[in-house]
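Each chain, letter by letter, is given below.
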Amino acid sequence: CNTNVDGRQKVMYALTAIRGIGRRISNIVCKKCDIDLNKRAGELSTDEVNKIVAVISNPMQFKIPQWMLNRQRDVKDGKTSQKDANFWYQAL
């Protein structure tokens, strides 16, 4: 993702600055990455950031339920997926 997040906010709320990521999906991403929800975004290590990017880019691989994703049965291709900032900026 090409989005800067505020390092002073807690991780779950800082991730919502990424377009296409809400509080529910950011909560489950943090849980799948085993990141403490009370940790600030500026305190994340490089490995933790890479885990977050991996889960956001391919949530179905990490067993995030389909009903939590923001593109359910897309009109064009019929697939369910999670679209984030990179997709939305390319579409504009």
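Definitions and cut-offs
Residues numbered from 1 in each chain as written. Predicted model: local features only at pLDDT ≥ 70, side-chain atom pairs only at ≥ 80, totals over all residues. Heavy atoms only, no water. Helix = DSSP H or I, 4+ residues; strand = E, 2+ residues; numbered from the N terminus. Areas by Shrake-Rupley, 256 points an atom, 1.4 Å probe, with all protein chains shown as cover. Buried < 20%, exposed > 50% of the residue type's maximum accessible area, 1.4 Å probe, protein only. Core = buried A, V, L, I, M, F, W, Y, C linked by side-chain atoms within 4.5 Å. Contact = heavy atoms within 4.5 Å. Salt bridge = Lys/Arg side-chain N within 4 Å of Asp/Glu carboxyl O. Expected span 1.5 Å × (residues − 1). Arc of directions from axis to C-beta.

Draft legend 1. Representation of the overall build of the protein chain within the structure. Looking only at helices and strands, one finds four helices and zero strands in the protein chain. With an accessible surface of roughly 6300 Å², the protein chain has 46% of that area assigned to carbon and sulfur atoms.

Draft legend 2. Broad picture of unusual backbone geometry. A positive phi angle, close to 55°, is found at Asp-34, a residue other than glycine. You can see Asp-34 is positioned in the loop between helix H2 (23-32) and helix H3 (46-57). Given the relative accessible area of 69%, Asp-34 is considered exposed.

Draft legend 3. Focus on the nonpolar core. Judged by nonpolar contacts, the single largest core of 17 residues is most densely connected at Val-11, Leu-15, Ile-25, Val-29, Ile-52 and Ile-64. Looking at this core, the element that brings in the most residues is H2, giving four residues. When sequence neighbours within four positions are dropped, the list of residues in contact with Ile-52 reads Val-11, Leu-15, Val-29, Cys-33, Ile-35 and Leu-44.

Draft legend 4. Structural detail: the pattern of salt bridges. Evaluated as defined, the whole model comprises one salt bridge. Across the salt bridge formed by Lys-39 and Glu-48, the nearest N and O atoms sit 3.0 Å from each other. Given the relative accessible area of 22%, Lys-39 is considered partly exposed.

Draft legend 5. Broad picture of H3. Between its terminal C-alpha atoms H3 stretches 16 Å, which fits the 16 Å expected from 12 residues at 1.5 Å a residue. Restricting attention to buried positions, one finds in H3 the residues Glu-48, Ile-52, Val-55 and Ile-56. Down the axis of H3, the buried side of the element spans an arc of 100°, and every buried residue falls inside it. Pointing more than 90 degrees away from the buried face of H3 are the exposed residues Thr-46, Asp-47 and Ser-57. Lining the buried residues of H3 we find helix H1 (11-14) and H2.

Draft legend 6. Representation of the environment of Leu-37. Here Leu-37 shows up in the loop between H2 and H3. For the pair Leu-37 and Val-11, spaced 26 residues apart in sequence, the C-alpha to C-alpha distance is 6.3 Å. Excluding its chain neighbours within four sequence positions, the residues that come into contact with Leu-37 are Lys-10, Met-12, Asn-27, Cys-30 and Lys-31.

Draft legend 7. Looking closely at H2. Turning to H2, its buried residues number three or more, namely Ile-25, Ser-26, Ile-28, Val-29 and Cys-30. Of the residues one or two after H2, Asp-34 is the one with positive phi, at around 55°.

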